[in-house]
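Coordinate inspection notes
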Amino acid sequence: MASTIKYVPIGGGGGNLVTDLKSLFTILKTRKRVALGYAFMLVFVAFTVFLAFSPSPNASSPWFTNIFSSTSTTNITTSGSYNSQLSSVYSFFFPNTTSSPNLAFSSDDPLQINTSRSSNATSQSPNPNTSTETFKSTSVENRTSQDAVPVPSTNQTSNSHAANLQVKSPPHVNKEASGVKNHTLKPGEAKAVNTNRNTNVAAPPATNVSLGPHQNLSSNSSVKGVVSNNYTASLVRKQSNGKNNHTREKDELMESLMKCDFFNGEWVKDDSYPLYEPGSCTMIDEQFNCIRNGRPDKDYQKYKWKPKGCSLPRLDGHRMLDLLRGKRLVFVGDSLNRNMWESVICILTNAAKDKSKVYEANGRVHFRGEASYSFIFKDYNFSVELFVSPFLVQEWEMPDKNGTKKETLRLDLVGRASDQYKDADIVVFNTGHWWTHDKTSRGKDYYQEGSHVYDELNVLEAFRRAITTWSRWIDANINPSKSMVLFRGYSASHFSGGQWNSGGQCDSETVPIDNEKYLTEYPPKMRVLEKVLKYMKTHVTYLNITRMTDFRKDGHPSIYRKQNLSPEERKSPLRYQDCSHWCLPGVPDAWNEILYAELLLREYRNQHQQKRA
């Protein structure tokens, strides 16, 4: 039976040979197609997996930059990521198909993106009518350095291969309409785009950043960097404009000061003065410390000097400390220069950060009786020094006929300490008051040149000879390219009813002179000085403070020159008044404001000379 069934005769009644063969081939053909189909699918899947997880090391290869470029290093967990991948594959095989949205990169993109083409963003919303929230969640993935557009992202964690990014839509996105236009991009905020449109978004300029093939650019910082970069550029422009404005204002101030006569002006009340609080400066000598000595009125400290042609800059102690850094500021002259020296020490000490590093070189706390003093500002490496030389020429002694010694004034010899300050950076000279004393004003058997003592010599001529001796020494010993030389003029006195040694008084004066007709005659000695200065080779800055001090009859110590009076002074205190020197704080602070302005002008000129050179 089995054999009969197995070997059925051909052409027998059991079937048709041709029909059977056709049926067999049909079955075989169907199975072959199925097998080939499965094989093709396996090969396609394998090829796709290979492309996805084996990116080409050649960054410019079109095979791998167009396919899976934005997902080769990042696992996207949003609902639209799978469709995004299929979109890339689909766009590869059908390049004419438009994908949404289209991102174009400018040729100067600092992220080193291939600028020969426009890269399509690998994000397409699964529903073409979706809201902007879906667009954000599918398009904000971090990209590699080849075609990344910095957009706001979310928390990211990194492993040894690449960073996994969890993308979440910001909570405020739902409030935005899908068709929002002209929305201003704020730091940390992605711009909402309607995914129904094919919107070309040019990548904004960013800072120069070079990324590796697996390095993600933090989108939060990227967008902040872009916006911040624009903000920074704007800020830089504003700062630059501000700096230019400041420079222009400074130039205008300096130009106005260069054209200004500092010494033709008036005193104006200013409650922001004095430059330092009374009692704050321990360096003030008792002779000038009027408040400590019991002076009741305070308004004499509240005036500033205002030239008619300009405004003097208020003395900035910090700025002056910088101007004097590494230098020697020296005062040479009489006790009026000591007045000015103590004033500048108080101003600068008040501005110094560490006052314990400001001290007198020899530890002195009283500044009368010694030939020289020096205050050290250690943190700034400079000193403010005083050399006592009331005449600027040498006081001398000659043997008398009786075998005793008599005092003389050597009009042909400059002061003994001159070698100690000839190399100083800034030197302020003065003389004047001692030329009014009895010996000098009489001029009998007092003035000497060489071995010759004049029986009698006019004081004005003696002064001319002394100043000429000083001027020749300046021209022979001072290097004008290194040292700045100033001469401070005569400081006016205000004795009323007598002189300093004959009962002159000023204790009742509490306000300045307000009418110029009450000013005294300009001192003839200062005219002699001006003529000598005119013919010197070395430039000397003349601080002509005579007129400005003549207004200030209220600024002297008067009876407030000391605390402990002698028995004779107690009997008649009004006979012993000081109407020559000045209270501190007070008038000498204004002299130092002029000195400060001169230092600013010198710096300004030097800077412009260097620019021209």
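Everything quoted here is computed from the prediction, not taken from an experiment. (Residues numbered from 1 in each chain as written. Predicted model: local features only at pLDDT ≥ 70, side-chain atom pairs only at ≥ 80, totals over all residues. Heavy atoms only, no water.)

Glancing now at the state of the cysteines. As used here, a disulfide is simply a covalent bond connecting the sulfur atoms of two cysteines. For the coordinates displayed, the defined rule picks out 4 disulfides. The partner cysteine of Cys 290 in its disulfide is Cys 583, sulfur to sulfur 2.0 Å. With the S-S bond torsion at -90°, the cross-link from Cys 290 to Cys 583 turns out left-handed. Of the two residues, Cys 290 is situated in the loop between strand E5 (265-269) and strand E6 (303-307) and Cys 583 in the loop between helix H14 (567-571) and helix H15 (587-612); the sequence distance between them amounts to 293 residues. Pair check on accessibility: Cys 290 and Cys 583 agree, each one buried. Each bonded cysteine in the chain gets a number by its place in the sequence, and the pairs come out as 1-4, 2-5, 3-8, 6-7. (Disulfide = S-S within 2.5 Å. Helix = DSSP H or I, 4+ residues; strand = E, 2+ residues; numbered from the N terminus. Buried < 20%, exposed > 50% of the residue type's maximum accessible area, 1.4 Å probe, protein only.)

Across the sheet, which stays open at both edges, the 7 strands sit in the order E8-E9-E10-E7-E13-E16-E17 with mixed pairing between neighbours. The outermost strands of the open sheet, each flanked by one partner alone, are strand E8 (358-360) and strand E17 (540-543). Taken pair by pair, the neighbouring strands of this sheet meet at an average axis angle of 15°, ignoring direction. Alignment of strand E9 (residues 372-377) against strand E10 (residues 382-388), held across 6 bridges, turns out to be antiparallel. Looking across to E10, one finds that Ser 374 is bridged to Glu 385. With respect to the sheet, helix H11 (residues 459-477) is in contact with strand E13 (426-429), strand E16 (484-488) and E17, its orientation differing from that of E16 by roughly 165°. (Pairing = 2+ DSSP bridges. Axes fitted to C-alpha atoms, helices over the stretch in contact; angles between N-to-C directions. Contact = heavy atoms within 4.5 Å.)

A word on the side chain of Ser 558. Looking at where Ser 558 falls in the secondary structure, it is placed in the loop between helix H13 (546-550) and H14. Accessibility expressed as a relative area gives 3% for Ser 558, which makes it buried.

Turning to its location among the elements, Val 344 is positioned in helix H8 (residues 335-351). Here Val 344 falls in the buried class, since its relative accessible area comes to 0%. Note: C-alpha distance between Val 344 and Trp 591 (247 residues apart in sequence) is 9.3 Å. Look past the residues within four positions of Val 344 in its chain and what remains in contact with it is Met 320, Phe 331, Val 384 and Asn 592.

Pairing analysis gives 3 bridges linking E8 to E9, with the strands arranged antiparallel. Within the sheet, the bridge partner assigned to Tyr 359 lies in E9 and is Ile 376. Hairpin connection of E9 to E10: 4 residues between the antiparallel strands, including Asn 381 at a positive phi of 55°.

Counted by the stated rule, this structure contains 4 cavities of 30 Å³ or more. Taken as a whole, the largest cavity holds about 90 Å³ of empty space. If you go around the largest cavity, you meet 16 residues; those closest to its centre are Tyr 273, Gln 301, Tyr 303, Gly 586 and Asp 589. Mapped onto the lining of the largest cavity, the elements with two or more residues apiece are E6 and H15. The biggest single contributor to the lining of the largest cavity is H15, with 4 residues. Grouping the amino acids of the lining of the largest cavity by side-chain chemistry returns 10 nonpolar, 2 polar and 4 charged. (1 Å grid on protein atoms, 1.4 Å probe; cavity = no way out; pocket = protein on both sides within 12 Å on 5 of 7 lines; lining within 4 Å. Points joined across faces, edges and corners; volume = space filled by probe spheres on them. Nonpolar A, V, L, I, M, F, W, Y, C, P; charged D, E, K, R; others polar.)

Right, let's talk about the nonpolar core for a bit. Grouped together as the largest cluster of nonpolar side chains are 66 residues, with contacts concentrated most on Phe 262, Phe 331 and Val 384. No other element matches H15, which puts 11 residues into this core. Apart from residues no more than four positions distant in its own chain, Val 384 is found in contact with Leu 329, Phe 331, Trp 341, Val 344, Ile 345, Leu 348, Tyr 373, Ser 374, Phe 375 and Phe 377. Counting residues in hydrophobic clusters, the runner-up holds 39 residues, among them Val 427, Phe 429, Ile 474 and Leu 529. (Core = buried A, V, L, I, M, F, W, Y, C linked by side-chain atoms within 4.5 Å.)

The next subject is the environment of Lys 406. Examined against the element boundaries, Lys 406 turns out to sit in strand E12 (residues 405-414). The spatial distance from the C-alpha of Lys 406 to the C-alpha of Asp 445 is 9.3 Å, given a sequence separation of 39 residues. Apart from residues lying up to four places away in sequence, Lys 406 is in contact with Trp 396, Glu 397, Met 398, Asp 400, Asp 445 and Val 453. A distance of 2.8 Å separates a polar atom in the side chain of Lys 406 from a polar atom in the side chain of Asp 445. (Polar contact = N/O pair within 3.5 Å; in protein donor to acceptor, adjacent residues only side chain to side chain.)

Let us now look at the sheet that holds strand E14 (residues 447-449). Backbone-to-backbone hydrogen bonds pair the strands of a sheet. The strands run either parallel or antiparallel. The strand order across the open sheet formed by 4 strands is E11-E12-E14-E15, and the pairing between neighbours is mixed. Looking at strand neighbours, the two that pair on one side only are strand E11 (393-399) and strand E15 (452-453), the edges of this open sheet. In terms of strand pairing, E14 meets E15 through 2 bridges, oriented antiparallel. Note that in E15 the partner of Glu 449 across the bridge is His 452. Along the sheet face, H11 touches E11, E12 and E14 and points at about 50° away from the line of E12.

A few words on the pairing of E10. Taken across its 7 residues, E10 has 6 buried, putting it largely inside the fold. Sheet topology note: the strand E7 (residues 328-333)/E10 ladder contains 6 bridges and is parallel. Counterpart to Phe 331 in the pairing with E10 is Leu 386.

A few words now on the pattern of salt bridges. Counted under the stated rule, the structure contains 21 salt bridges. In this structure, Lys 482 and Asp 425 form a salt bridge, with 3.4 Å as the shortest nitrogen-oxygen distance. Of this pair, Lys 482 sits in the loop between H11 and E16 while Asp 425 sits in the loop between helix H9 (418-421) and E13, placing them 57 residues apart in sequence. The exposure class assigned to Lys 482 is partly exposed, which follows from its relative accessible area of 37%. Glu 509 serves as the salt-bridge partner of Lys 553, at 2.5 Å between the closest nitrogen and oxygen. Here Glu 509 lies in the loop between E16 and helix H12 (524-534) and Lys 553 lies in the loop between H13 and H14, a separation of 44 residues in the sequence. On the accessibility criterion, Lys 553 (18% relative accessible area) is buried. Taking relative accessible area as the criterion, Glu 509 reaches 24% and is therefore assigned partly exposed. (Salt bridge = Lys/Arg side-chain N within 4 Å of Asp/Glu carboxyl O.)

By themselves, these are just geometric observations and shouldn't be taken as functional.
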